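# Residue-level structural notes
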Amino acid sequence: MSQINSLDQLKQFTTVVADTGDFESIRAYAPQDATTNPTLIFKAVQQPEYKHLLEKAVADNRNSQLSGSALHRKVIDDLLIAFGSEILSIVPGRVSTEVDARLSFDIEGTVEKARYLIGLYEKLDIPRERILIKIASTWEGAQAAAACEKEGIKCNLTLLFSLPQAIACAESGVCLISPFVGRIYDYFKATTGKEFQGADDPGVQSVQRIFTYYKKFGYSTQVMGASFRNSGQIRHLAGCDLLTISPDLLKELQDSTVPVVPQLDAASADKSDLEKIPMDEKTFRWMLNEDAMATDKLADGIRKFAADIVQLEQIVARSF
């Protein structure tokens, strides 16, 4: 009798999400949901097999009344929806589509973009229940998400590195958050020169703390660990609500039969000594300011996603 592989074991108690824009990878590992971001889309459109999606988005807008940067943004929005709709033909659940990172401090702009993206999906008869709008977990992002959720637009708050970000998102009633395990690990490895493994990994510890806080205080927002550097991080977060995993790590888990057992348990959260933190804008900004890692990685993440959008716009501009 063959052993169950580690990926299938994980799927028994955690919703597995594919972190990729590559359709074949999604088919190969049969995840429930999939997530994309500007970096993944930027990489994908440079591959021959996805060139037709970019060409169609450009062709559909050749007679547009728009011009310049407004036209390029329109093409990119159409491209995001094209990727999202293709992914939804593969996965049974949801796809996350990201708002332009340059709107990370713009509440009204983020809400407007979220409504627009949802509208594009609905024109394709894709119900909003299958879409998560990804927004950076700044204070403004959390407030924009609160407005979106009230309109039935489900949100995934990304670039999350700290408890105050997680609390602000939960109190805004967002559907789920994506704490970035790997980037936290990267920061502490670079600043301390140490290698972290298993339960000692600061990225793993951050997600464990957030998960415990949410369950102890009864928040409905789900936790989706993201940005993994190795399968050990994934194994130590087994039992988390969701985990979004890159194709290479999905393959590693599928090729392994190492036992995977739940490490996070909602039922045990009540035993935690965590205390509830009242969260307002002043508290959020102060707590984030006092966390050098979170401050650094949030700003760095926004800059990198914005840079990839700019590069995507340049590719679009050359297509006309």
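Up top is the structure.
To keep things clear, this report deals only with the structure shown in the data block. Note that the coordinates shown come from a computational prediction; the quantities given were computed from them, not determined experimentally.

Turning our eyes to something else, we now look at the overall build of the protein chain. A count of helices and strands for the protein chain gives 14 helices and 8 strands. Here the C-alpha radius of gyration of the protein chain, 19 Å, is about what a compact globule of 320 residues would show, namely 20 Å. Taken along its principal axes, the extent of the C-alpha atoms in the protein chain is 60 × 55 × 40 Å. Per-residue burial over the protein chain gives 56% buried out of 320 residues. For the protein chain, the share of sequence-separated contacts (at least 6 apart) that also reach a separation of at least 24 residues comes to 69%. Carbon and sulfur atoms make up 50% of the accessible area of the protein chain, which totals about 14100 Å². Charge separation in the protein chain, taken as the distance between the mean sites of 35 positive and 43 negative side-chain charges, equals 2 Å.

Take unusual backbone geometry next. At Ala30, a position not held by glycine, the phi torsion is positive, near 45°. Its place among the elements puts Ala30 in the loop between helix 2 (23–29) and strand 2 (33–35). One non-glycine residue with positive phi stands out, namely Leu159, at about 50°. Position of Leu159 relative to the elements: it lies in strand 5 (residues 155–160).

Right, let's get into the environment of Met279. Position of Met279 relative to the elements: it lies in the loop between helix 12 (247–254) and helix 13 (281–290). Taking the C-alpha atoms as reference points, Met279 and Pro164, separated by 115 residues in sequence, lie 7.5 Å from one another. When sequence neighbours within four positions are dropped, the list of residues in contact with Met279 reads Trp139, Pro164, Ile167, Ala168, Glu171, Phe284 and Met287.

To continue, consider the pairing of strand 5. Within strand 5, 6 of the 6 residues are buried, leaving the element largely enclosed by the surrounding structure. Pairing geometry for strand 4 (residues 131–136) and strand 5, over 4 bridges, is parallel. Bridged to Ile133 within strand 5 is Cys155. With helix 7 (residues 139–150) bridging strand 4 and its parallel neighbour strand 5, the resulting β-α-β unit is right-handed.

Glancing now at the pattern of salt bridges. Enumeration according to the criterion identifies 20 salt bridges in this entry. Here Lys113 and Asp77 are joined by a salt bridge, their closest N and O atoms 2.8 Å apart. Remark: Asp77 occurs in helix 5 (residues 68–88) and Lys113 occurs in helix 6 (residues 107–123); sequence separation between them is 36 residues. Taking relative accessible area as the criterion, Lys113 reaches 16% and is therefore assigned buried. Residue classification places Asp77 among the buried residues on the basis of a relative accessible area of 6%. Glu195 is the salt-bridge partner of Lys189, the closest N and O atoms lying 3.3 Å from each other. Residue Lys189 is classed as partly exposed on the basis of its relative accessible area of 37%. Classification of Glu195 by relative accessible area gives partly exposed; the value is 46%.

Close contact between helix 5 and helix 14 (residues 292–319) brings their axes to 9 Å; oriented N to C, the two are set at 105°. On the basis of their axis angle, the class for helix 5 and helix 14 is roughly perpendicular. The segment helix 5 lies against helix 14, with His72, Arg73, Val75, Ile76 and Leu79 engaging Ile309, Leu312, Glu313, Val316 and Ala317. For the contact of helix 5 with helix 14, the per-class residue count stands at 7 nonpolar, 1 polar and 2 charged.

To continue, consider the environment of Ser162. Locating Ser162 in the fold gives a position in the loop between strand 5 and helix 8 (163–171). Overall, the relative accessible area of 2% leaves Ser162 in the buried class. The spatial distance from the C-alpha of Ser162 to the C-alpha of Ile184 is 9.4 Å, given a sequence separation of 22 residues. Ignoring anything within four residues of it in the chain, the contact list for Ser162 reads Ile210, Leu288, Asp291 and Ala294. Side-chain polar atoms of Ser162 contact the side chain of Gln165, separated by 3.0 Å.

What follows deals with the side chain of Asp33. By secondary structure assignment, the location of Asp33 is in strand 2. A residue is classified by how much of its surface remains accessible, and Asp33, at 5% relative accessible area, is buried. Of note is the side chain of Asp33, whose polar atom sits 2.9 Å from the backbone nitrogen of Arg94. With near-sequence residues (within four places) excluded, Asp33 lies in contact with Val16, Val17, Ala18, Val91, Gly93, Arg94 and Leu242.

Now for the sheet that holds strand 7 (residues 222–225). If you trace the 8 strands once around the closed barrel, you get 1-2-3-4-5-6-7-8, paired in parallel fashion. When strand polarity is set aside, the average angle formed by the axes of neighbouring strands in this sheet is 30°. Sheet analysis places strand 3 (residues 95–98) next to strand 4, joined by 4 bridges and oriented parallel. What sits directly across from Thr97, in strand 4, is Ile133. Along the sheet, helix 12 contacts strand 1 (15–19) and strand 8 (242–245); its crossing angle with strand 8, the most-contacted strand, is approximately 110°.

The rules behind each value
- Numbering of residues begins from 1 in every chain and follows the order in which that chain's sequence is written.
- Where local features are concerned, this predicted model is filtered to residues with pLDDT of at least 70; where side-chain atom pairs are given and counted, the filter is 80 or more; whole-chain, interface and lining totals use all residues.
- Note that the side-chain values use all heavy atoms of the structure and ignore hydrogens as well as water.
- Helix and strand assignments follow DSSP, with helices taken as H or I runs no shorter than four residues and strands as E runs no shorter than two, numbered in order from the N terminus.
- Computation of the radius of gyration draws on C-alpha atoms, with the globule rule given as 2.2 Å multiplied by the number of residues to the power 0.38.
- Exposed residues in this analysis have more than 50% of their type's maximum accessible area, buried residues have under 20%, and partly exposed residues fall in between, with area computed by a 1.4 Å probe over protein chains only.
- Residue contacts are counted whenever heavy atoms from the two residues lie within 4.5 Å of one another.
- Here the Shrake-Rupley method, with its probe set to 1.4 Å, supplies the accessible areas, and only the displayed protein chains count as covering residues.
- None of His or the chain ends enter the tally, which takes Lys and Arg as positive and Asp and Glu as negative.
- Just so you know, the charge point we use is NZ for Lys, CZ for Arg, CG for Asp and CD for Glu.
- Pairing between two strands is assigned when DSSP locates at least 2 bridges connecting them.
- Throughout, right-handed denotes a crossover for which the path from the first strand over the helix to the second runs clockwise when the strands point away from the viewer.
- Any Lys or Arg side-chain nitrogen found within 4 Å of a carboxyl oxygen on Asp or Glu counts as a salt bridge.
- An axis is simply a line fitted to the C-alpha atoms; with a helix, the fit covers only the stretch in contact. Between two such axes, the angle follows the N-to-C directions and lies from 0 to 180 degrees.
- Each angle receives one of four descriptions, namely roughly parallel if under 35 degrees, roughly antiparallel if over 145, roughly perpendicular if within 65 to 115, and oblique otherwise.
- In this count, Pro and Cys sit with the nonpolar residues alongside Ala, Val, Leu, Ile, Met, Phe, Trp and Tyr, while Asp, Glu, Lys and Arg are called charged and the others, Gly among them, polar.
- Pairs of N or O atoms are called polar contacts if they sit within 3.5 Å, as long as, within protein, a hydrogen donor faces a hydrogen acceptor (for residues adjacent in sequence, only side-chain-to-side-chain pairs).

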